[in-house]
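Structural overview
Letter by letter, the chains look like this.
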Amino acid sequence: GPAENVTIRDCDVSLVRGDAGITTNQVDRVLVQRCQVHHCPGHTKGIVLRNARNTDTKDCTLIKNTSTGLDYYTCDTGTVSGNTVLDHRGMHANSLTFYLGCKNILVEGNRVARGNVALTFQEIENITIRNNLFDGSGRSMDVGMWPGQPMGNVRIVNNAFVGSNHAVDWQTGLFTNNKKIDGLVVENNIIDGLCGTPPFPKDAVFRNNLYTRLG
């Protein structure tokens, strides 16, 4: 970038060492679709989209890269849907991450397993997380909501957060150490425990969830 109207489709990327298998910066209206990024060594991420509007990642498969599977940084409006993200381990190697002022993001229909934290986000507004399977595979929490502002209008609906690390009391299905989350709605999920340090905001809406573990 800077650029606009870019489509990256049906690519197979592996054995890349460095920043990421697929990455854009300042590219508006970018679509990454049906790509495979796998087995990249040397602390390499799968897909990274930065500083953009209208960013979509759909139906991709990310397997065993050595840093985070998929990162959105400062992205305004976009989707992450129908992706499979497996076996992302190593330092800061989480599976899905949304940082540094992302807003208006839909995370839907993804399958995430066998990595570190399945989903992490901070400094995000207007995010909807629905119809996903996040499996911690006994390694960590499933979702980490980290400190940082703004953090608001977070909707977590119809997901399965399973397989958190039962050996550590705070590594639950949903974890936060953010002091302020405005407009948090958690509804119709299967959740392997809650932990908040401090506790989740009193005005948060928790409704019709099935808990498989105490936090």
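Coordinates for the structure precede this section.
Since the model is a prediction, treat every value here as computed from it, not as a measurement.

Moving on, we get to the sheet that holds strand β12 (residues 111-113). Spatial strand order, β2-β5-β7-β9-β12-β15-β18-β21-β24: 9 strands in an open sheet with parallel pairing. On the outer flanks of this sheet lie β2 (12-14) and β24 (210-211), each paired with one strand and no other. For strand β9 (residues 84-86) and β12, the ladder comprises 3 bridges, and the chain directions are parallel. When the bridges of β12 are listed, Val-85 appears paired with Val-112.

This paragraph deals with the nonpolar core. Core analysis: the biggest nonpolar cluster contains 44 residues, and Val-32, Ile-47, Tyr-72, Leu-96, Phe-98 and Phe-121 have the highest contact counts within it. Here the element with the most residues in this core is strand β8 (residues 70-81); it accounts for 4 residues. By size, the runner-up hydrophobic cluster in this structure holds 9 residues, among which are Tyr-73, Tyr-99, Val-117 and Cys-195.

In this chain, Gly-1 is followed by Pro-2 through a cis amide linkage whose omega measures 0 degrees. At the junction of Thr-197 and Pro-198, the peptide bond is cis and its omega measures out at 10 degrees in the coordinates. Mapped onto the elements, Pro-198 comes out in the loop between β22 (194-196) and β23 (205-207). Non-glycine residue Asn-54 carries a positive phi angle of around 60 degrees. Within the secondary structure layout, Asn-54 lies in strand β6 (residues 45-58). On the accessibility criterion, Asn-54 (30% relative accessible area) is partly exposed. Positive phi outside glycine occurs at Lys-64, with the angle close to 55 degrees.

Under the definition given, this model contains 6 aromatic pairs. Between Phe-134 and Phe-161, the ring centres sit 5.6 Å apart and the planes meet at 5 degrees, which makes this aromatic pair stacked. Remark: Phe-161 occurs in strand β18 (residues 160-162) and Phe-134 occurs in strand β15 (residues 133-135); sequence separation between them is 27 residues. We classify Phe-134 as buried; its relative accessible area is 0%. Here a set of aromatic residues connected by ring pairs shows up, and it is made of Trp-146, Trp-170 and Phe-175.

Here we take up the pairing of strand β4 (residues 27-33). Along any regular strand the residues' side chains alternate between the sheet's two faces. Burial of β4 is extensive: 5 of the 7 residues sit out of reach of the surface. In this sheet, β4 lies alongside strand β1 (residues 3-9) in parallel orientation, the contact comprising 6 bridges. Paired with Val-6 across the bridge in β4 is Val-30. Relative to β6, β4 runs parallel, the two sharing 4 bridges. Considered in β6, the bridge of Val-30 is made with Thr-55.

Reading the values: the criteria
- Residues numbered from 1 in each chain as written.
- Predicted model: local features only at pLDDT ≥ 70, side-chain atom pairs only at ≥ 80, totals over all residues.
- Heavy atoms only, no water.
- Pairing = 2+ DSSP bridges.
- Helix = DSSP H or I, 4+ residues; strand = E, 2+ residues; numbered from the N terminus.
- Core = buried A, V, L, I, M, F, W, Y, C linked by side-chain atoms within 4.5 Å.
- Buried < 20%, exposed > 50% of the residue type's maximum accessible area, 1.4 Å probe, protein only.
- Phe/Tyr/Trp six-rings, centres within 6.5 Å; stacked < 30°, edge-to-face > 60°.

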